[in-house]
Amino acid sequence: MHMPATQSSSEIAYNGPMKILVIEDDREAADYLQKAFTEAGHTAHVAGDGETGFALADSGDYDVMVVDRMLPRRDGLSVIAGLRSRGNTTPVLILSALGEVDDRVTGLRAGGDDYLTKPYAFSELLARVEVLNRRASAREAETLYRVGDLELDRLSHSVRRAAREITLQPREFRLLEYLMRHAGQVVTRTMLLENVWDYHFDPQTNVIDVHVSRLRGKIEKGFDKPILHTVRGAGYMLKSG
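- Naming follows an unreviewed UniProt entry, where the protein appears as DNA-binding response regulator of Mesorhizobium wenxiniae.

1. Some details on the environment of M180
Phase 1: Structurally, M180 can be placed in helix α6 (residues 170–181).
Phase 2: Residues M180 and L228, spaced 48 residues apart in sequence, show a C-alpha to C-alpha distance of 10.0 Å.
Phase 3: In this structure, M180 is in contact with Y145, R146, V147, L150, E151, L152 and L238, ignoring residues within four places of it in sequence.

2. Focus on the UniProt feature "modified residue: 4-aspartylphosphate" (unreviewed entry) in the protein
Phase 1: Sequence positions flagged by UniProt for "modified residue: 4-aspartylphosphate" (unreviewed entry) are, in local numbering, D68.
Phase 2: Excluding residues that lie within four positions of it along the chain, D68 makes contacts with I23, E24, D25, G76, L95, S96 and K118.

3. A look at the sheet that holds strand β5 (residues 114–117)
Phase 1: Read across the sheet, five strands follow the order β2-β1-β3-β4-β5 without closing on themselves; strand pairing throughout is parallel. The strands lining the two open edges of the sheet, one partner per strand, are β2 (43–47) and β5. Recorded for the sheet is a direction-independent mean angle of 20° between the axes of neighbouring strands.
Phase 2: Alignment of strand β4 (residues 92–96) against β5, held across four bridges, turns out to be parallel. Bridge assignment links L93 to a residue of β5, and that residue is D114.

4. Brief notes about the sheet that holds strand β6 (residues 144–147)
Phase 1: What the four strands build is an open sheet, ordered β6-β7-β8-β9; its pairing is antiparallel. Edge positions in the sheet fall to β6 and β9 (164–166), since each has one partner strand and no second. Looking at each pair of strands side by side, their axes are set apart by 25° on average, direction ignored.
Phase 2: Where strand β7 (residues 150–153) meets strand β8 (residues 158–161), four bridges bridge the pair, whose relative direction is antiparallel. Considered in β8, the bridge of D153 is made with S158.
Phase 3: Across the sheet, α6 touches β6, β7 and β8, and the angle it forms with β7 is around 115°.

5. Quick notes on the pattern of salt bridges
Phase 1: Enumeration over the complete set of coordinates arrives at 15 salt bridges.
Phase 2: D58 is the salt-bridge partner of R86, the closest N and O atoms lying 2.9 Å from each other. Taken as a pair, R86 in the loop between α3 (76–85) and β4 and D58 in helix α2 (residues 50–59) lie far apart in primary sequence, 28 residues in all.
Phase 3: Its salt-bridge partner being K118, residue D68 comes within 2.9 Å of it at the nearest N-O pair. Of this pair, D68 sits in strand β3 (residues 64–68) while K118 sits in the loop between β5 and α5 (122–140), and the two are 50 residues apart along the sequence.

Quick notes on the rules
- Residues numbered from 1 in each chain as written.
- Predicted model: local features only at pLDDT ≥ 70, side-chain atom pairs only at ≥ 80, totals over all residues.
- Heavy atoms only, no water.
- Helix = DSSP H or I, 4+ residues; strand = E, 2+ residues; numbered from the N terminus.
- Contact = heavy atoms within 4.5 Å.
- UniProt positions renumbered as here; feature names shortened; annotations may be inferred.
- Pairing = 2+ DSSP bridges.
- Axes fitted to C-alpha atoms, helices over the stretch in contact; angles between N-to-C directions.
- Salt bridge = Lys/Arg side-chain N within 4 Å of Asp/Glu carboxyl O.

Right, here's the structure in full:
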């Protein structure tokens, strides 16, 4: 087992709270990372094998993932490649005891965004995770989103489809913006509750169904092709064609 060098994470500055997924089968190392990230002001979830990690990453909304390369049930590179094939663009830092140039190249080509060799100092790992999050946040700072002939402008707070202006209520606008940011991906009820309604629990109401139905009526009425799809048993997906 390669444990990171000890350093008080409370001494390390960070950019803001992140939601991090750690996929690591070494329980002691995983517990250390979860504790260290928590002390640095972040939320860290842990998966102990590749299959569990893939399921969490595929259904959750994480800012960054830290993935061990050698995992039981499904290896780390397979997890990353599988997520990328499903359109998941969450930044990934690969942890590995394999530190040769060819190993790093293989990891990056599999879809990893950064590669850190064990043993490592937590201060370096945290700095690398922060950089990955900043890059992703910069991409998310785009002001104009397009999906097919549907366009949302965050600056003017306007929505158009095929040049026709669509008037949305504030919550509908937030809902559409979130769906457009995740176009082509299944967006679950939990993701919408946490990111559009700021609920961190399920209030057991039909608030999402009502708003999605209302939004669908506004962006699809008068158009031949549906763009907001219900994925049975999973959630919703915004995609053209």
